[in-house]
Amino acid sequence: MFANTLIMAVREIRRNVLRSGLTVLGIIIGVAAVIIIVTLGAGTTQQVGSEISKMGSNMLTLMPGGDMRMGGAAMQAPLFGMGDVEALQRELVGVAAIAPYTQRSAQVVIGNENRRATVVGTTSDISVVRNWKVTEGRLFTLSEERAGKTVCIIGATIRKEMLEGQEPLGATVRVGKISCEIIGVLEAKGQVMFGGDQDLLVVLPLRTYQRRLGGSDKTAQIFMSGDTQDSLADLKAQVIQIMRQRRRIAEDERSDFNVMDMTEVSNVMQSTIGVMTTFLSAIAAVSLLVGGIGIMNIMLVSVTERTREIGIRLAIGATGREVMLQFLVEAALLSAFGGLVGITLGLGGAAGIAPAINVPFVFKPLTLVQAFAFSAAVGVVFGFMPARRAARLNPIEALRHE
Amino acid sequence: MNVMNGGMQREPATGPLVAFEQVYKIYGHGESEVRALDGIDLQINAGEFVAVMGPSGSGKSTSMNILGCLDKPTAGRYLFKGTDVTSLNSEQLAMLRRHYLGFVFQGFNLLARTTALENLEIPLIYQRIEKAKRRAMAREALRVVGLEARENHTPAELSGGQQQRVAIARAIVTNPSLLLADEPTGNLDSARSHEIMQLLTTLNRERGLTVVLVTHEDDIAAYAQRRIDFRDGKIVRETRASRAGAA
Ligand SMILES: Nc1ncnc2c1ncn2[C@@H]1O[C@H](COP(=O)(O)OP(=O)(O)O)[C@@H](O)[C@H]1O
Ligand SMILES: [Mg+2]
């Protein structure tokens, strides 16, 4: 009985290719959207994970903030001074390197080339903490850092795009109002997700930055790396204790700074991405719902349009149940087919978009199975009402229908 | 009689094939009451060829619908091969239609955009007959109506007379006990009408198919062995022809 119903349903669908196509358009779009979002979401999550582990997993970041009492005086959390850096250097046990770090965006000029770039002030310890390497030239010397010399290290993009075919070492760069000499070129770190270029960068000794560019002797962040991954929690506790002491924060008061380790950052980012993926998927699922309603709508129209056909079938000896089953099978076949097309388009779309936004293409079979099952279910659920209406038609009236 | 089992076989005609006993069909209530059938008694034996006549609104179609188990009487009994059909549920009625009844309509009522062969296969699909046998039966029925060369034509590609012949083929492909034809020639010209009537006469004579046919025209009714005249929901006259097939 089911096989026969299937035959008739398939015949009926093939007889009306255009109508069938329009019926499933909503499902196709909905499924494709869900597949694209979920696939790119998974790719982004994976990308974030690998980028963070590249940064060095035994890294701590000390940054301002923490106490966000509304209207309180602590809204603007204080930055860190050089005294803080020295104290940490002096007192921390089990630390491999400490690098103060501050940055802003500024106009960078080399010859006739002019770009807006990130300008960073830091010390050469950054190469240890953040795993930065120079491919040409060298890092800052201690004396250059102490004296606040106008020397700089440039990122790979500046090297490639602003110094094409020229010798970078010894060339002069104008950063804001200061001129400095290039002493090194950083290894390319690659594009970050969604297009930000991590290599469009000029690095100055921190003191040079503070005096000539930043206008203060503060630093926004302090990076630290532990001797081992295991000691990170201990190191974090030490940092908190030292900073609270230095800032004279009472027992019952909250800190006005944050110490983050990369696992936390990674967790926060991944859960953010997860929330975003879920949210976007929900929006896409709404379009699946709309697709389902589209199927119901067209099936209802189709029941009216095919009233006479239904009358003929009933007169010939079909039972109401068989008519109902035929309409249900038609709806389920249509939407399952729409699901398949949507999955194909979605995978194709995701495979096309992923490289454009620098995210790996992550294939998740379970999602495909779910999308397919869901779209078939949409057909059954939304096909039910029209199918029941068809089955309940009075054969005499149906036959009289024009 | 077991309604549910295949039932291609014909039982020996001990009683009438179908019988109405005081059948009423009443629409509406009180002032607006319409007695479409007003106490009909009727018996039709297997192998008969019956023409039902009467003015418009006299209850011809209503009685055909009841005979065809598409409708139920308001009161009275309808016996099909001795079984009271009025007590059956809609599934059982569908089984009766599937196995014992064939319909031919004025408007042909073939499925659009469906080939002649596929149209003939539909009742066989509902009978769960497997594909090869289904095809063979459909082709044989097309041959009987002389349209074996048109099996892949859709209704739009066939003339009215050809469509009605396909419809007759669809009605007889299941080898039913009773063929009901409500004004089958109403949409056809005179020559085509007589072709259809000759086909029905042949089926009646050679296969013993019981035919009940509604018509307005005397020369169409003349093909039948027996003529029943309706008026206001009542049978007003019954005539038996000495010989069938006037033309
Ligand atoms: N569904 C219905 N509702 C109300 N009246 C009906 C209905 N069907 C038929 N009738 C009435 O029953 C009478 C018989 O109709 P019908 O059997 O179709 O006549 P005909 O002899 O022309 O085929 C007519 O008066 C018609 O108006
Ligand atoms: Mg009528």
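Parameters at a glance
Residues numbered from 1 in each chain as written. Chains lettered and ligands numbered in written order. Predicted model: local features only at pLDDT ≥ 70, side-chain atom pairs only at ≥ 80, totals over all residues. Heavy atoms only, no water. Helix = DSSP H or I, 4+ residues; strand = E, 2+ residues; numbered from the N terminus. Buried < 20%, exposed > 50% of the residue type's maximum accessible area, 1.4 Å probe, protein only. Contact = heavy atoms within 4.5 Å. Buried area = accessible area lost by both parts, 1.4 Å probe. Salt bridge = Lys/Arg side-chain N within 4 Å of Asp/Glu carboxyl O. Polar contact = N/O pair within 3.5 Å; in protein donor to acceptor, adjacent residues only side chain to side chain. Patch = residues over 30% accessible without salt bridge, like charges linked within 9 Å, V, L, I, M, F, W, Y side chains within 5 Å. Areas by Shrake-Rupley, 256 points an atom, 1.4 Å probe, with all protein chains shown as cover. Lys, Arg positive; Asp, Glu negative; His and termini not counted. Charge placed at Lys NZ, Arg CZ, Asp CG, Glu CD. 1 Å grid on protein atoms, 1.4 Å probe; cavity = no way out; pocket = protein on both sides within 12 Å on 5 of 7 lines; lining within 4 Å. Points joined across faces, edges and corners; volume = space filled by probe spheres on them. Nonpolar A, V, L, I, M, F, W, Y, C, P; charged D, E, K, R; others polar. Near = heavy atom within 4 Å. Pairing = 2+ DSSP bridges. Expected span 1.5 Å × (residues − 1).

1. With respect to the environment of Val-202 of chain A
All names here are of chain A.
Alright, step 1. Of note, Val-202 is situated in strand E9 (residues 201-205).
Alright, step 2. What makes Val-202 buried here is its relative accessible area of 0%.
Alright, step 3. In sequence terms Val-202 and Ala-106 are 96 residues apart; their C-alpha atoms lie 9.5 Å from each other.
Alright, step 4. The residues touching Val-202, leaving out its near neighbours within four places in the chain, are Val-108, Thr-118, Val-119, Val-120, Cys-152, Ile-153, Ile-154, Ile-158 and Val-175.

2. Brief notes about the interface of chain A and chain B
Alright, step 1. Contacts between chain A and chain B engage 23 residues on the former and 26 residues on the latter.
Alright, step 2. Across the chain A/chain B interface, buried area totals approximately 2300 Å², and carbon plus sulfur atoms make up 56% of it.
Alright, step 3. Broken down residue by residue, the surface that chain A buries against chain B is led by Arg-11, Arg-15 and Ile-316 of chain A, which jointly contribute 26%.
Alright, step 4. In this structure, the connection of chain A to chain B is made through 6 salt bridges.
Alright, step 5. Across the pair Glu-121 of chain B and Arg-11 of chain A runs a salt bridge whose closest N-O atoms are separated by 3.5 Å.
Alright, step 6. Here chain A is connected to chain B by 9 residue pairs in polar contact (both at pLDDT 80 or more).

3. Things to note about the pattern of salt bridges
Alright, step 1. Going through the model one piece at a time under the given rule, you end up with 37 salt bridges over all chains.
Alright, step 2. Here Arg-77 of chain B ties to Glu-21 of chain B by a salt bridge, and the two come within 3.2 Å at their closest N and O atoms. Taken together, the residues Arg-77 of chain B in strand E4 (residues 75-80) and Glu-21 of chain B in strand E1 (residues 18-27) connect sequence positions 56 residues apart.
Alright, step 3. Of the residues examined, Arg-77 of chain B reaches a relative accessible area of 39% and is grouped as partly exposed.
Alright, step 4. Residue class for Glu-21 of chain B comes out partly exposed when judged on its relative accessible area of 34%.
Alright, step 5. Through salt bridges with shared partners, one network takes in Arg-11, Glu-12, Arg-15, Arg-306, Glu-309, Arg-313 and Glu-330 of chain A together with Glu-118, Glu-121, Arg-134 and Arg-135 of chain B.

4. Considerations on a positive patch on the surface
Residues and elements named next belong to chain A.
Alright, step 1. On the surface, Arg-146, Arg-207, Arg-211 and Arg-212 cluster together into a positively charged patch.
Alright, step 2. Here the positive patch takes 3 residues from helix H7 (residues 206-214), the largest share from any one element.
Alright, step 3. Relative to the elements of secondary structure, Arg-146 occurs in helix H5 (residues 142-147).
Alright, step 4. Assessed through its relative accessible area of 58%, Arg-146 is described here as exposed.

5. Remarks on the side chain of Lys-25 of chain B
All names here are of chain B.
Alright, step 1. You can see Lys-25 is positioned in strand E1.
Alright, step 2. With a relative accessible area of 11%, Lys-25 lands in the buried category.
Alright, step 3. Within polar-contact distance, the side chain of Lys-25 engages the backbone oxygen of Lys-72 at 2.7 Å.
Alright, step 4. Setting aside chain neighbours within four positions, we find Lys-25 in contact with Val-34, Arg-35, Ala-36, Leu-37, Thr-62, Ile-66, Asp-71, Lys-72, Pro-73 and Thr-74.

6. Some thoughts on empty space enclosed by the protein
Alright, step 1. Following the criterion strictly, the structure yields 6 cavities of 30 Å³ or more and no others.
Alright, step 2. Put simply, the largest cavity is a space of about 120 Å³.
Alright, step 3. Lining the largest cavity are 13 residues; nearest its centre among them are Ile-316 of chain A together with Leu-101, Gly-102, Phe-103 and Ala-171 of chain B.
Alright, step 4. Elements with a contribution of two residues or more to the lining of the largest cavity: helix H10 (307-316) of chain A together with helix H2 (90-100), strand E6 (101-105) and helix H5 (160-172) of chain B.
Alright, step 5. Sorting elements by how many residues they give to the lining of the largest cavity places E6 of chain B first, with 4 residues.
Alright, step 6. Residues of the lining of the largest cavity, tallied by class, amount to 8 nonpolar, 2 polar and 3 charged.
Alright, step 7. There is about 60 Å³ of room inside the second largest cavity.
Alright, step 8. Along the walls of the second largest cavity sit Glu-12, Ile-13, Arg-19, Ser-20, Thr-23, Ile-298, Met-299, Ser-302, Arg-306, Glu-330 and Leu-334 of chain A, which together make up its complete lining.
Alright, step 9. Mapped onto the lining of the second largest cavity, the elements with two or more residues apiece are helix H1 (2-15), helix H2 (17-55), helix H9 (262-305) and helix H11 (320-356) of chain A.
Alright, step 10. Considered class by class, the residues forming the lining of the second largest cavity number 4 nonpolar, 3 polar and 4 charged.

7. Concerning the site of ligand 1
Residues and elements named next belong to chain B.
Alright, step 1. For ligand 1, the full set of nearby residues is Tyr-27, Val-34, Ala-36, Pro-55, Ser-56, Gly-57, Ser-58, Gly-59, Lys-60, Ser-61 and Thr-62.
Alright, step 2. Measuring from an oxygen atom of ligand 1, one finds a backbone N or O atom of Gly-59 at 3.1 Å.
Alright, step 3. Contacts to ligand 1 include Lys-60, whose backbone N or O atom sits 2.9 Å from an oxygen atom.
Alright, step 4. Breaking the shell around ligand 1 down by element, the ones donating at least two residues are strand E2 (34-44) and helix H1 (60-67).
Alright, step 5. It is H1 that contributes the most residues to the shell around ligand 1, 3 residues altogether.

8. Here we look at a nonpolar patch on the surface
Alright, step 1. Side chains of Leu-18, Leu-22, Leu-25 and Ile-29 of chain A sit close together on the surface and give an oily, nonpolar patch of about 420 Å² of accessible area.
Alright, step 2. Mapped onto the secondary structure, Ile-29 of chain A falls in helix H2.

9. Notes on the pairing of strand E3 (residues 95-110) of chain A
All names here are of chain A.
Alright, step 1. Strand direction decides the pairing type here: E3 and strand E11 (residues 221-226), joined by 6 bridges, are antiparallel. Directly across from Ala-99, in E11, lies its bridge partner Phe-223.
Alright, step 2. Both E3 and strand E4 (residues 113-122) contribute to a ladder of 10 bridges, which runs antiparallel. Directly across from Val-109, in E4, lies its bridge partner Asn-114.
Alright, step 3. Counting the residues between successive antiparallel strands, the hairpin from E3 to E4 contains 2 residues, one of them, Gly-111, with a positive phi of roughly 60 degrees.
Alright, step 4. Judged from the 2 bridges that link them, E3 and strand E7 (residues 172-175) form a sheet pairing that is antiparallel. Note that in E7 the partner of Val-108 across the bridge is Val-175.

10. Here's the deal with H5 of chain B
Alright, step 1. Taking 1.5 Å of rise per residue, 13 residues should cover 18 Å, and H5 of chain B covers 18 Å from first to last C-alpha, within 8% of that figure.
Alright, step 2. Most of H5 of chain B sits inside the fold, with 12 of its 13 residues counted as buried.
Alright, step 3. Within the span of H5 of chain B, buried status applies to Gly-161, Gln-162, Gln-163, Gln-164, Arg-165, Val-166, Ala-167, Ile-168, Ala-169, Arg-170, Ala-171 and Ile-172 of chain B.
Alright, step 4. The elements touched by buried residues of H5 of chain B are H10 of chain A together with E6, helix H3 (116-126), helix H4 (131-144), strand E7 (178-182) and helix H6 (190-207) of chain B.

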